[in-house]
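Each chain, written out:
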Amino acid sequence: MATNQQSERSDAASSLPIIEPGHTLGSITDQISSIVLTRRTPRFWYVGVALSFVLVLVLFFCIAALITVGVGLFGIMIPVAWGFAIVNFVWWIGIGHAGTLISAILLLLRQKWRQSINRFAEAMTLFAVACAGLFPILHLGRPWFAYWLFPYPSTMAIQPQFRSPLVWDVFAVSTYFTVSLLFWFLGLIPDLATLRDRARGRVPRFIYGMLAMGWRGSAIHWHRYEMAYLLLAGLATPLVVSVHTVVSFDFAVALVPGWHSTIFPPYFVAGAIYSGFAMVLTIAIPLRKLYGLEDFITMRHLKNMGMVMLATGMIVAYGYLMETFMAWYSGDIFEKYMMMNRMFGPYGWMYWLLILFNILIPQALWFRGLHTNVRVLFAIAVSVNIGMWLERYVIVVVSLHRDFMPSAWGMYSGTIVDYAVLAGSIGLFVCLLFIFIRVLPMISIFEMRELVHEEETKSE
Amino acid sequence: MADAGSSINRISIYGLMGEFDSPETLLAAAQGAYAKGFRRMDAYSPFPIDGLAEAIGFHSSRVPFLVLIGGIIGCFSGFFLQYWASVIGYPINVGGRPLNSWPAFIPVAFEVTILLAALSAFFGVLVLNGLPMPYHPVFNVERFELASRNRFFLCIEAIDPRFDPKGAREFFETVGAQGIYEVDP
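Residues numbered from 1 in each chain as written. Chains lettered and ligands numbered in written order. Predicted model: local features only at pLDDT ≥ 70, side-chain atom pairs only at ≥ 80, totals over all residues. Heavy atoms only, no water.

Here we come to the overall build of chain A. Scanning chain A from N- to C-terminus turns up 16 helices and 0 strands. By sequence separation, contacts in chain A at least 24 residues apart represent 82% of the contacts at least 6 residues apart. Accessible surface computed for chain A: about 18800 Å², of which carbon and sulfur atoms make up 71%. Distance between charge centroids for chain A: 7 Å, based on 30 positive and 24 negative side chains. (Helix = DSSP H or I, 4+ residues; strand = E, 2+ residues; numbered from the N terminus. Contact = heavy atoms within 4.5 Å. Areas by Shrake-Rupley, 256 points an atom, 1.4 Å probe, with all protein chains shown as cover. Lys, Arg positive; Asp, Glu negative; His and termini not counted. Charge placed at Lys NZ, Arg CZ, Asp CG, Glu CD.)

Right, dumping it as structure tokens:
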């Protein structure tokens, strides 16, 4: 009886639609393109852009200050030479991973529910990686020499150290950004053609027309297009795994206790996907409400994303557990001290907050009543975003501040510039997202048409 | 005389276009046109339709081959970039370690492989599709703007050796086209 009920309940869950019934090819095209073309720009858009742009200005001010005064404006000092900048870098790049996961891995796994969330998740990836890329460059101290990171015909008789994970990082992150951009733009081309054909003003027609490059939906073009899209997905899948693996090498290859650990790559990748899905939910939930997109981004999407969060969150929890276990099992005095210091040292409260935000609160996702509740999901997503930032803080700062010799120990705290740059990067991210949803279709129109057609043929 | 008339038509129009209201009717029409012997034609749809490209006689897509080539070039050039810098161009002895420490070169070689493969996928599909193409005759048909919304089109081009305006029009009528348009060149 109990199992019967259970199977009925799981049937009910899987029958949650990925698109609400009653949509046609025309209605779906009109509804999504109208947000860009005809609907009045809502007031919250102006408010959102204005507020986030203030933060962007704060960011620009801080960058100017960092360039003129120097990197000493950050709170970094030996022994903690990697402060907020690296914490924020890892946090942002992790957030980016969900976009690629949704667009590439779920495409290869033929998960239809990805189709209404992939576009803005990919945009989120781009903007998050852009924010991430800012931090190591600012952290260089002399950002105008950032091109030294790349191999180029230089007269200085030196080339980048290719045995260093920091150089691998340059290649991984720049490749990741480029491939994400190509993938995103390739997906946009047919939708840009749709906007070109719907736009009534001369200027938007011209701009969308130039961007669509004369796309006309030819069968032969679609054939090559789908092949290229699939191949890009296949290429992006190992890429996304490699990017956070390389980021974890930045730490794992070093000898610092708390960094030098083989579990880092898988645990970083899981953490990246975890924080990325949390950010997608944080964006998707207000967006569908504000633009009335509940028909396209349904409860099914939110619930599935919650499930991915729960699964990756458990992997992250396993990572924490193994770190603790290995610290004890290694018998290494420095490893053992690192773990004791992480839990009960001066930054111990951060560790316990991280466990609360990242591990304990998300356990609510096990319960049906909670993971189908939009407000609860939103709260959990925000909690994970904070938790993952704390995790990187604990890894970067708490490991560095007491490594081997007590004489070399020290304390660290972020300065006002650290906090301002973090807030500014969030402002930049939000501002770019607002501009994106205003000028480009935030849901892939042609993929939604495919979905509508499939639903129609299924019901016939 | 009839011959002269058709040759004038060949110059004066790009082709004849039929409009359909569903992917199924378009697919059937495309198969019918191929069976009638038309070869120079193209179908237009607001989303990719399985089997449509094959129905109008298109089979091989060279995109995977381009991506493979791009990936191979990326892999070798990525590795050689590091090998040259570390062994030939700027050798630095770090604690007596081998100059060609190839395991450490794998991550960058991998990233460059992905980068060049992805670039060739993206630019490959654009070049093979002949994009960007600012002008194309099919856009002269006013209804064609619905090809990016909910309408499906088949265009038989005038350069097809079997094309004659009357025959093509009759063909579109038999397969149930909802509109038949002459496409200006």
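What follows is about the nonpolar core. Counting residues in hydrophobic clusters, the biggest one holds 208 residues, and the most contacted among them are A:Phe120, A:Phe251, A:Phe429, A:Phe436, A:Met442 and B:Leu154. Residues contacting A:Met442, with those up to four places away along its chain left out, are A:Ile35, A:Arg119, A:Phe120, A:Leu287, A:Tyr291, A:Leu293, A:Phe436 and A:Ile437. Ranked by size, the runner-up nonpolar core spans 10 residues in total, among them B:Tyr14, B:Tyr44, B:Phe144 and B:Val183. (Core = buried A, V, L, I, M, F, W, Y, C linked by side-chain atoms within 4.5 Å. Buried < 20%, exposed > 50% of the residue type's maximum accessible area, 1.4 Å probe, protein only.)

Quick look at the interface of chain B and chain A now. Contacts between the two partners involve 60 residues from chain B and, on the opposite side, 57 residues from chain A. At the boundary of chain B with chain A, total buried surface from both sides reaches about 5200 Å², with 69% on carbon and sulfur atoms. Three residues, B:Pro48, B:Glu111 and B:Arg149, lead the burial of chain B against chain A; their summed loss comes to 13% of the area buried on that side. Inspection of the chain B/chain A interface yields 2 salt bridges. (Buried area = accessible area lost by both parts, 1.4 Å probe. Salt bridge = Lys/Arg side-chain N within 4 Å of Asp/Glu carboxyl O.)

Glancing now at the pattern of salt bridges. Opposite charge on two side chains allows them to pair when their charged atoms are near. Overall, the coordinates contain 11 salt bridges over all chains when judged by the stated rule. Close ionic contact of A:Glu391 with A:Arg392 constitutes a salt bridge, the shortest N to O distance being 3.8 Å. For the pair shown, A:Glu391 and A:Arg392 are each scored as buried. B:Arg40 is the salt-bridge partner of B:Glu157, the closest N and O atoms lying 4.0 Å from each other. Here B:Glu157 is found in strand 3 (residues 152-157), whereas its partner B:Arg40 is found in the loop between helix 2 (23-35) and strand 2 (41-44), with 117 residues between them in sequence. Accessibility expressed as a relative area gives 9% for B:Glu157, which makes it buried. A network of salt bridges, in which partner residues are shared, links B:Glu19, B:Arg143 and B:Arg151.

With that settled, consider the environment of A:Asn385. Residue and element names in this part refer to chain A. By secondary structure assignment, the location of Asn385 is in helix 14 (residues 374-401). C-alpha of Asn385 to C-alpha of Asn358: the two residues are 27 residues apart in sequence and 8.3 Å apart in space. Excluding residues within four positions of it along the chain, Asn385 makes contact with Trp91, Ser275, Ala278, Met279 and Thr282.

All names here are of chain A. Within the fold, Ile361 resides in the loop between helix 12 (348-360) and helix 13 (368-371). You can call Ile361 partly exposed: its relative accessible area is 31%. Leaving out residues up to four positions away in the same chain, Ile361 has contacts with Leu356, Ile380 and Ser383.

Residues and elements named next belong to chain A. On inspection of all chains with the given rule, the structure shows 53 aromatic pairs over all chains. On the numbers, 4.9 Å between centres and 85° between planes, the contact of Phe251 with Trp259 is edge-to-face. Accessibility assignment for this pair places Phe251 and Trp259 in one class, buried. Seen from their ring centres, Tyr347 and Tyr393 are 6.3 Å apart, and the 65° between their planes marks the pair as edge-to-face. (Phe/Tyr/Trp six-rings, centres within 6.5 Å; stacked < 30°, edge-to-face > 60°.)

Residues and elements named next belong to chain A. Remark: helix 6 (residues 165-198) packs on helix 7 (residues 202-212), axes separated minimally by 8 Å, with the N-to-C direction vectors making an angle of 145°. The handedness of the crossing between helix 6 and helix 7 comes out as left-handed. Contacts between helix 6 and helix 7 involve Phe185, Ile189, Leu192, Ala193, Leu195, Arg196 and Asp197 from the former and Arg205, Tyr208, Gly209, Leu211 and Ala212 from the latter. Among the residues making up the contact of helix 6 with helix 7, the classes are represented as 8 nonpolar, 1 polar and 3 charged. (Axes fitted to C-alpha atoms, helices over the stretch in contact; angles between N-to-C directions. Left-handed = near helix turned anticlockwise from the far one by under 90°. Nonpolar A, V, L, I, M, F, W, Y, C, P; charged D, E, K, R; others polar.)

Within the fold, B:Ala43 resides in strand 2. Put simply, B:Ala43 and B:Ala147 are 104 residues apart on the chain and 10.0 Å apart in space, counted from C-alpha to C-alpha. Discounting chain neighbours no more than four positions away, the residues touching B:Ala43 are A:Gly217, A:Ser218, A:Ala219, B:Leu26, B:Leu52, B:Ile56, B:Phe153 and B:Leu154.

A few words on helix 2 of chain B. Residues and elements named next belong to chain B. Taking 1.5 Å of rise per residue, the 13 residues of helix 2 would be expected to cover 18 Å, and the 18 Å separating its terminal C-alpha atoms lies within 8% of that figure. Buried within helix 2 we find Pro23, Leu26, Leu27, Ala29, Ala30 and Ala33. Taken down its axis, helix 2 places every buried residue within 165° of arc, on the same side. Looking one or two residues past helix 2, Gly37 carries a phi angle of roughly 105°, positive in sign. (Expected span 1.5 Å × (residues − 1). Arc of directions from axis to C-beta.)

Residues lying three or four places apart along an α-helix face the same way, a consequence of the helix completing one turn every 3.6 residues. Residues and elements named next belong to chain A. Between its first and last C-alpha atoms helix 4 (residues 84-108) spans 36 Å; for 25 residues at 1.5 Å apiece the expected length is 36 Å, and the two agree. Within helix 4, 24 of the 25 residues are buried, which leaves the element mostly enclosed by the surrounding structure. Just beyond helix 4, the residue with positive phi is Arg110, at close to 55°.

Let us look at a nonpolar patch on the surface. Together, A:Tyr147, A:Trp148, A:Met156, A:Ile158, B:Ile92 and B:Val94 line one region of the surface with nonpolar side chains, adding up to about 530 Å² of accessible area. Looking at the secondary structure, you find B:Val94 in the loop between helix 4 (63-89) and helix 5 (106-128). Note on B:Val94: relative accessible area 34%, which makes it partly exposed. (Patch = residues over 30% accessible without salt bridge, like charges linked within 9 Å, V, L, I, M, F, W, Y side chains within 5 Å.)

Another point: the packing of helix 8 (residues 219-252) of chain A against helix 5 of chain B. At a minimum axis separation of 10 Å, helix 8 of chain A and helix 5 of chain B run at an interaxial angle of 160°. By the angle between their axes, helix 8 of chain A is roughly antiparallel relative to helix 5 of chain B. The handedness of the crossing between helix 8 of chain A and helix 5 of chain B comes out as left-handed. Residues A:Arg224, A:Tyr225, A:Ala228, A:Leu232, A:Leu235, A:Pro238, A:Leu239, A:Ser242 and A:Val246 of helix 8 of chain A lie in contact with helix 5 of chain B, whose contacting residues are B:Phe110, B:Glu111, B:Ile114, B:Ala117, B:Ala118, B:Ala121, B:Val125 and B:Leu128. In terms of residue class, the contact of helix 8 of chain A with helix 5 of chain B is made up of 14 nonpolar, 1 polar and 2 charged. (Parallel < 35°, antiparallel > 145°, perpendicular 65-115°, else oblique.)

Mapped onto the elements, A:Thr282 comes out in helix 9 (residues 264-290). With near-sequence residues (within four places) excluded, A:Thr282 lies in contact with A:Phe378, A:Ala381, A:Val382 and A:Asn385.

All names here are of chain A. Across chain A, the average pLDDT comes to 89, with 96% of residues at or above 70. Per-element confidence in chain A ranges from a low mean pLDDT of 43 for helix 1 (residues 2-14) to a high of 95 for helix 12. Across residues 1-13 the pLDDT falls below 50, and counting only partners more than four positions away or on other chains, this stretch makes 4 contacts in the model. (pLDDT = per-residue confidence, 0-100.)

Our focus in this paragraph is the confidence of the model for chain B. All names here are of chain B. The pLDDT averaged across chain B works out to 86; a share of 94% of its residues lies at or above 70. Mean pLDDT across the secondary structure elements of chain B bottoms out at helix 1 (residues 2-12), with 50, and peaks at helix 5, with 95. Low pLDDT, under 50, characterises residues 1-10; the stretch is placed with 4 contacts to residues that sit more than four places away or in other chains. Across the whole predicted complex the pTM is 0.90, and at the interface the ipTM reaches 0.89.

Another point: the state of the cysteines. Residue and element names in this part refer to chain A. The tally for this structure, following the rule as stated, stands at 0 disulfides over all chains. Between Cys62, a free cysteine, and Cys131, which holds the nearest cysteine sulfur, the sulfur-to-sulfur gap is 14 Å. For Cys62, a relative accessible area of 6% puts it in the buried group. Cys131 provides the cysteine sulfur closest to Cys431, a residue in no disulfide bond, and the two sulfurs are 10 Å apart. (Disulfide = S-S within 2.5 Å.)

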